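Residues per chain are reported as follows:
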Amino acid sequence: MSTPRKSPKRPAVRTASAPAGRAVDRPADDEIWPRVTRELADDLAVDALARDRAGKAPFDEVARLQEAGLPALLTAPGPSRRGADWRAACAVVREISAADSSVGELLAHHYALSWSSRFFGPAHEAHTPYRADAPPATTAAPAPGNTPSPEDASGMETPSGTETASGADGARRPGAAHRRPLALDVCTAEERWLLAGGVEPPRAAGEPGLTLTPAEGSGGGWILDGRRAFASGVTVADRLVVGARPGGTGDLLVVLVDPAHPGVFTDAGTDRVGQRLAGAGTVTFDHVPVPPEHVLGVLPHDEHAVAPFTTLAPLALRLLLTQVGLGIAEGALAEARDISRADQAGPVPAGGAGGPAAGDGTAPVGSGDDPYLLLAYGELATAAHAAAAVVERATDALARGLHTEWSLTLEERADISVLVAAAETVTGRAAVHITTRILELVDGTAGADSRGGGPGFDRFWRNARALTAPTRADHRLRDIGDHYLNGTHARLTLLA
């Protein structure tokens with residue numbers, strides 16, 4: 001086991017704070033975002049192969065994202081802010097992923113985590129911007145086992161001096177009396193943060209996860225300890241959003257942590273087959289203090305106590321990662337098309353679909369004339385179009401559900417879950433199939449040889465495999481079939 005290394009110092013360009021009450025400069029019109037994204041994607045595509053080979057921590061890539069303003073895109077609208085919606089965020093992740101899927105995954109996790117205070121915080125406080133000089137709130141912080149139910153999410157604040165449903169004991173819990181909770185999406189934009197981490201419990205049965213113990217003293221708060229592996233961003237993040245259990249059992253508290261704290265150590269994952277620049281790694285937390293205002297919310301251990309809107313959190317992440325997979329497929333297909341259009345595609349392998357062998361010494365036919373190459377591209381383009389159609393339908397459904405917020409019903413959540421699962425399954429299979437078939441189509445051609453300066457098509461296949469490996473398609477299909485045949489709702493699990 002490698003020894004965790006200390007988190008490196010973040011470049012000043014990415015950690016500079018905006019003045020209080022003033023939003024980071026952003027395009028005045030959301031129509032600018034497609035152009036900004038396209039320009040950044042073109043820039044990333046130029047040296048994508050070289051950066052993939054180098055396998056360094058993605059500090060340069062994050063600096064490019066910040067320069068383009070994309071981490072601040074998914075921000076709640078306000079008097080001094082203009083927020084883009086989830087459809088725009090999904091489109092950005094998809095196009096960036098076509099150029100560099102590692103950067104796309106990094107951005108996908110950031111967008112999903114930036115809404116943590118909305119998903120897991122109290123309904124009536126989830127949109128309140130945090131200010132360091134704000135007076136203490138009169139309400140109690142959400143205590144384990146006391147999250148707002150859909151019926152309690154009316155937006156009404158608890159009158160001053162009135163105890164919340166957690167009772168007097170809940171008010172004495174660490175962090176019970178605190179300032180208003182941090183509105184993470186707003187603060188992320190204003191402070192130019194990049195977020196990483198993960199809220200869901202660890203998948204591995206032997207992995208204990210993170211634990212919280214009450215901090216000593218009158219200030220309240222918690223002490224965070226433990227070790228967790230994360231799929232993206234932890235080597236370059238400005239803040240980590242993690243889930244930890246008080247005492248190691250019970251409800252999960254969602255907390256915000258500064259990775260520059262002396263008690264936070266990061267061990268970069270350097271042996272990945274694909275998604276090498278996603279900033280994956282293992283983080284060790286050694287007696288890290290968590291102030292009360294950095295407790296973003298609570299995830300109940302009992303899934304029946306979770307509001308349907310809260311359970312959109314893993315669906316949002318899954319759909320964003322599906323956009324990454326779709327971007328991989330479309331990026332690989334577009335680069336292979338460019339090679340074939342330059343008339344550099346090699347002959348079709350002998351015996352393929354009854355095609356003629358190319359062993360007679362004749363020159364291969366041009367890409368525009370080879371019927372078998374046209375057939376192959378027709379098949380792959382159709383697979384990409386089909387995946388895109390399913391993904392777009394799921395994106396629209398999720399965007400409507402997020403707009404509904406705490407009024408979302410169980411039936412609506414179940415429908416969204418099925419559409420996201422379908423998009424995830426179709427796109428995962430399409431991405432692996434397209435990137436595998438592309439390797440066969442361009443094999444041996446000068447323009448596709450990465451050693452000769454070509455695009456290195458193996459990286460698309462490696463990235464697709466690394467991205468889809470953690471997902472069990474048979475589990476998704478079983479849930480879809482159960483919903484379609486029996487009308488059964490998928491479990492309200494927070495595992496992504």
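Let us look at the structure shown here. (Residues numbered from 1 in each chain as written. Predicted model: local features only at pLDDT ≥ 70, side-chain atom pairs only at ≥ 80, totals over all residues. Heavy atoms only, no water.)

**Structural notes on the overall build of the protein chain**
- When helices and strands are tallied, the protein chain shows 14 helices and 11 strands.
- Counting the 496 residues in the protein chain, one finds 52% classified as buried.
- Counting contacts in the protein chain only where the partners sit at least 6 residues apart, residues at least 24 apart contribute 79% of the total.
- Summed over all atoms, the accessible surface of the protein chain reaches about 21,800 Å², with 54% contributed by carbon and sulfur. (Helix = DSSP H or I, 4+ residues; strand = E, 2+ residues; numbered from the N terminus. Buried < 20%, exposed > 50% of the residue type's maximum accessible area, 1.4 Å probe, protein only. Contact = heavy atoms within 4.5 Å. Areas by Shrake-Rupley, 256 points an atom, 1.4 Å probe, with all protein chains shown as cover.)

**A word on the pattern of salt bridges**
- Counted by the stated rule, this structure contains 23 salt bridges.
- We note a salt bridge from Arg476 to Glu424, for which the minimum N-O separation is 2.8 Å. Of the two residues, Arg476 is situated in helix α14 (residues 473-486) and Glu424 in helix α12 (residues 410-442); the sequence distance between them amounts to 52 residues.
- The class for Arg476 is buried, based on a relative accessible area of 15%.
- Relative accessible area serves as the criterion here: at 11%, Glu424 is assigned to the buried category.
- In this structure, Asp458 engages Arg462 in a salt bridge whose closest nitrogen and oxygen atoms are separated by 3.1 Å. With Asp458 and Arg462 both in helix α13 (residues 458-468) and four residues apart, the pair spans about one turn of that helix. (Salt bridge = Lys/Arg side-chain N within 4 Å of Asp/Glu carboxyl O.)

**Observations concerning the nonpolar core**
- Within the largest apolar cluster, 84 residues are counted, with the highest numbers of intra-cluster contacts made by Leu70, Leu73, Tyr111, Phe119, Leu312 and Ile438.
- It is helix α10 (residues 312-341) that provides the largest number of residues to this core, a total of 15 residues.
- Excluding residues that lie within four positions of it along the chain, Phe119 makes contacts with Ala112, Phe309, Thr310, Leu312, Ala313, Ala316, Leu402 and Trp406.
- Counting residues in hydrophobic clusters, the runner-up holds 21 residues, among them Leu210, Leu212, Leu240 and Val242. (Core = buried A, V, L, I, M, F, W, Y, C linked by side-chain atoms within 4.5 Å.)

**Notes on the packing of α10 against helix α11 (residues 371-404)**
- Relative to each other, α10 and α11 sit at 155°, their axes nearing to 10 Å. Relative to α11, the element α10 is oriented roughly antiparallel. α11 is crossed by α10, and the crossing has left-handed handedness.
- Within the contact of α10 with α11, the residues separate by chemical class into 18 nonpolar, five polar and two charged. (Axes fitted to C-alpha atoms, helices over the stretch in contact; angles between N-to-C directions. Parallel < 35°, antiparallel > 145°, perpendicular 65-115°, else oblique. Left-handed = near helix turned anticlockwise from the far one by under 90°. Nonpolar A, V, L, I, M, F, W, Y, C, P; charged D, E, K, R; others polar.)

**Focus: the pairing of strand β6 (residues 222-230)**
- Where strand β5 (residues 210-214) lies against β6, five bridges are found, and the strand directions are antiparallel. Following the sheet pairing, Thr213 is matched in β6 by Ile223. (Pairing = 2+ DSSP bridges.)

**Brief notes about the packing of aromatic side chains**
- Throughout the structure, instances matching the rule amount to six aromatic pairs.
- Here Trp86 and Trp115 contribute two aromatic rings whose centre-to-centre distance is 5.4 Å and whose plane-to-plane angle is 90°, an arrangement assigned as edge-to-face. Placement of the pair is Trp86 in helix α5 (residues 86-99) and Trp115 in the loop between α6 (101-114) and α7 (116-120), with a sequence separation of 29 residues. No difference in accessibility class separates Trp86 from Trp115, as the two residues are buried.
- For Arg118, the ring lying beneath its charged end belongs to Trp115, and the centroid distance is 4.7 Å.
- The ring of Phe460 carries Arg459 above its face, with NZ or CZ at 4.3 Å from the centroid. (Phe/Tyr/Trp six-rings, centres within 6.5 Å; stacked < 30°, edge-to-face > 60°. Lys NZ or Arg CZ within 6 Å of the ring centre and 35° of its normal.)

**As for α11**
- Compared with an ideal rise of 1.5 Å per residue, which puts 34 residues at 50 Å, α11 spans 50 Å between its outermost C-alpha atoms and is within 8% of the ideal.
- In the segment just after α11, Glu405 is the residue with positive phi, at about 60°. (Expected span 1.5 Å × (residues − 1).)

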